[in-house]
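So you can see what is in the structure, the chains are spelled out below.
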2 protein chains.
Amino acid sequence: MHHCWFNGTIAEASDTQININDLGLLRGYGLFDYFRTYNRKPFQWDWYWERYERSAKLLKIPNPITKEEAGEVVSQLIGLHRQGEVAIRFLLTGGYSFDSVTSAKPNLLIISESIHYSAPADYYNGIKVMSYEYVRDLPTIKSIDYKHYMILQSELKEKHAADVLYYKDGEISELSRSNVFLINGHKLITPNKNILEGITRRTVLELAKGDFEIEIRPVGFQETLDAEEVFTTSTTKRVLPISRIDEHVIGSGKIGPKTQFLLDKINDLVKNW
Amino acid sequence: MHHCWFNGTIAEASDTQININDLGLLRGYGLFDYFRTYNRKPFQWDWYWERYERSAKLLKIPNPITKEEAGEVVSQLIGLHRQGEVAIRFLLTGGYSFDSVTSAKPNLLIISESIHYSAPADYYNGIKVMSYEYVRDLPTIKSIDYKHYMILQSELKEKHAADVLYYKDGEISELSRSNVFLINGHKLITPNKNILEGITRRTVLELAKGDFEIEIRPVGFQETLDAEEVFTTSTTKRVLPISRIDEHVIGSGKIGPKTQFLLDKINDLVKNW
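Residues numbered from 1 in each chain as written. Chains lettered and ligands numbered in written order. Predicted model: local features only at pLDDT ≥ 70, side-chain atom pairs only at ≥ 80, totals over all residues.

Across its full length, chain A carries 9 helices and 17 strands. Taken over C-alpha atoms, the radius of gyration comes to 19 Å for chain A, in line with the 19 Å a tight globule of 273 residues would show. Expressed as a percentage of the 273 residues in chain A, the buried residues total 48%. For chain A, long-range pairs separated by at least 24 residues make up 70% of all intrachain contacts whose partners lie at least 6 apart in sequence. (Helix = DSSP H or I, 4+ residues; strand = E, 2+ residues; numbered from the N terminus. Rg over C-alpha atoms; globule rule 2.2 N^0.38 Å. Buried ≥ 20, exposed ≤ 12 C-beta atoms within 10 Å, placed from the backbone. Contact = placed C-beta atoms within 7 Å.)

Next up, the structure:
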């Protein structure tokens, strides 16, 4: 059973509703953040909080809660989820509006959710992604704007692709909800712009120090096709190999040894979190 | 008092709520349309319905209602609004989702709302708009994505601007929620791309036939500053003069005679609707 803290009150998530004059719903004016527990402790809480605050500032929605208060709410939600791991979503909207534009105060929801895991076989076989020419609007903000990804759902199914790889002007940026890395020899390469800076991306960059030469820079689409290994990082996926981009096979078509090395590293980290 | 039809049930709008796992709220996956009554009859209903259906198709959200059923709901909502004119909003979202991506069916809300009128003086003095370099994402779809306009609210207040004028690469497109026209001599000019095709724009183009030479084509930003008259069109504004773009004064700085002519024409049309 999952719960939701909404402007100060906790109730069952399935019983929580929002008025229809919310600016998130009427104007797409909202942002979120999303993290999960390991050993029932929030993973990288400080980094997620930092990003949530940054998104709110950039989208000009005043954040109504302190880090300490939010941390207390998160603890309560984890406690209410009796056992096992759980995901937590912060959803901050422009708030209720009488005229569809102005609002007196934002709405903040903090929601516990089930974690949707990738299939175990994907960690061996890798996933297929479909390329799509697009840069997310205001990509550094974790806004709720996923309309392009939603529109692509039927095409992804037809092409048996698990996700979309955004590129523009010959450069890749990110997947719909995760970052991308390339490996060539001892180089670990990831795009530096038009991306949401993922917390797992940041974690992997920390973990890779010492073992890889790290390059954070523009990354070409062709360069990605030609890479020895390609993988994606996200809160729920951790380190997940990409073995196909459209009809092109990456490397061996399975997880590569260096991706496996980084996956093992992050698995070790979360095991002892 | 206003009402809302939500998936088949009518209730007071202020009592209507939506579950927090709606894809409009979680993923910005939604669209709307918006029209008003004159003489308690929906203005240009056929054209609004056509646009609503087109938006739904382009955003790949299946429209769950026929035109006849929707027309009946609209009549009921107008009837429940005991007297005077009313605005009607159609809001169609991706629907409820257990995993924040997939959904079994969309959510449709049809809501009656107060009409927010422009100040009478604005029809004489014109409004000031602030230029902003941006093209709306998927501009031909009336999606709920207004985050840029929402972010600009404080800057608009500081600059005493009533709205924003979007431009990109030296060409204008539209205001936040309305179209733009220029008048030079007997030419009536309006942009042809990167816009939402407004129903009032379409109405004005019909009304202007015979009196103006109409040009629907790319329109330069400088050309707009240099125009004899500039005005904007929308459901609630009808024909509203623009007298200032940033610190630049258009024409006389008041409503021009040809804008007044078109305003009178549309006022005549709606009076007898």
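From this point on, the discussion continues.
Within the largest apolar cluster, 140 residues are counted, with the highest numbers of intra-cluster contacts made by Ile110, Val129 and Leu165 of chain A together with Ile110, Val129 and Leu165 of chain B. With residues near it in sequence (within four places) discarded, Ile110 of chain A still touches Cys4, Trp5, Val73, Val74, Leu77, Ile88 and Phe90 of chain A. (Core = buried A, V, L, I, M, F, W, Y, C linked by C-beta atoms within 7 Å.)

Attention shifts here to the interface of chain B and chain A. Taken together, the contact between chain B and chain A spans 30 residues of the former and 30 residues of the latter. Breaking the side of chain B that touches chain A down by element, the ones donating at least two residues are strand S3 (17-19), helix H1 (23-27), strand S7 (107-113) and helix H5 (147-151) of chain B. The element contributing the most residues to the side of chain B that touches chain A is H1 of chain B, with 5 residues. Taken together, the residues that form the side of chain B that touches chain A break down as 15 nonpolar, 9 polar and 6 charged. (Nonpolar A, V, L, I, M, F, W, Y, C, P; charged D, E, K, R; others polar.)

This part covers the relation of the copies chain B and chain A. With an RMSD of 0.0 Å, the operation that places chain B on chain A is a rotation of 180° combined with a shift of 0.0 Å along the axis. Here the two chains are linked by the operation of a two-fold rotation axis. (Least-squares fit on C-alpha atoms with pLDDT ≥ 70 in both.)

Our next topic: helix H2 (residues 45-58) of chain B. All names here are of chain B. Under the 1.5 Å per step criterion, the end-to-end length of H2 is 20 Å for 14 residues, consistent within 8% with the ideal 20 Å. Restricting attention to buried positions, one finds in H2 the residues Tyr48, Arg51, Tyr52, Ser55 and Ala56. Looking straight down H2, one finds that the buried residues subtend no more than 135° of arc, so they occupy a single side. H2 presents Asp46 and Lys57 as exposed residues on the side facing more than 90 degrees away from its buried surface. Structurally, H2 contributes buried residues whose contacts are with strand S4 (30-38), strand S6 (87-93) and helix H7 (199-208). Where H2 terminates, the next one or two residues include Lys60, which has phi positive at roughly 60°. (Expected span 1.5 Å × (residues − 1). Arc of directions from axis to C-beta.)

This part is about the sheet that holds strand S4 (residues 30-38) of chain A. Residue and element names in this part refer to chain A. Spatially, S2-S1-S7-S6-S4-S5 is the arrangement adopted by the 6 strands of the open sheet, whose pairing is antiparallel. Of all strands in the sheet, those with a lone pairing partner are strand S2 (9-12) and strand S5 (41-42), marking the two edges. Across 7 bridges, S4 lies against strand S6 (residues 87-93) in antiparallel orientation. Looking at S6, one finds that Leu31 is bridged to Leu92. (Pairing = 2+ DSSP bridges.)

Moving on to the sheet that holds strand S5 (residues 41-42) of chain B. Spatial strand order, S2-S1-S7-S6-S4-S5 (chain B): 6 strands in an open sheet with antiparallel pairing. At either margin of the open sheet sits one strand with a lone partner, and together these are strand S2 (9-12) and S5 of chain B.

Looking at chain A as a whole, its pLDDT mean stands at 97, while 100% of the residues score no less than 70. Listed scores for the predicted complex are pTM 0.97 and ipTM 0.96. (pLDDT = per-residue confidence, 0-100.)

What follows deals with the environment of Asn63 of chain B. All names here are of chain B. As for its placement among the helices and strands, Asn63 is situated in the loop between H2 and helix H3 (67-80). According to the C-beta neighbour criterion, Asn63 is partly exposed, with 19 such atoms within 10 Å. Put simply, Asn63 and Thr93 are 30 residues apart on the chain and 9.7 Å apart in space, counted from C-alpha to C-alpha.

Turning our attention to the domain arrangement of chain A. Residue and element names in this part refer to chain A. Each assigned domain of chain A is listed with its residue range as follows: domain 1 (3-113) and domain 2 (122-271). On a C-alpha basis, the centres of domain 1 and domain 2 stand 26 Å from each other. On the side of domain 2, 12 residues touch domain 1, which itself brings 18 residues to the contact. Counting residues per element, the ones that place at least two in the side of domain 1 that touches domain 2 are S4 and helix H2 (45-59). If you tally residues by element for the side of domain 1 that touches domain 2, the top one is S4, at 8 residues. (Domains from an automatic or database assignment.)

Each pair of packed helices can be described by the angle between their axes along with the distance between the axes. All names here are of chain A. The N-to-C vectors of helix H7 (residues 199-208) and helix H9 (residues 257-271) enclose an angle of 105°; their axes lie 10 Å apart at closest approach. One finds that H7 runs roughly perpendicular with respect to H9. Along the contact surface, H7 presents Thr203, Val204, Leu207 and Ala208, while H9 presents Leu262, Lys265, Ile266 and Leu269. Its residues assigned to classes, the contact of H7 with H9 shows 6 nonpolar, 1 polar and 1 charged. (Axes fitted to C-alpha atoms, helices over the stretch in contact; angles between N-to-C directions. Parallel < 35°, antiparallel > 145°, perpendicular 65-115°, else oblique.)

Now for the pairing of strand S7 (residues 107-113) of chain A. Residue and element names in this part refer to chain A. Taking burial as the measure, the 7 residues of S7 include 7 buried ones, the bulk of the element. In terms of strand pairing, strand S1 (residues 3-6) meets S7 through 3 bridges, oriented antiparallel. Each bridged residue has a counterpart across the sheet, and for Trp5 the counterpart in S7 is Ile110. Pairing between S6 and S7: 7 bridges, direction antiparallel. For Phe90, the partnering residue across the bridge sits in S7 and is Ile110.

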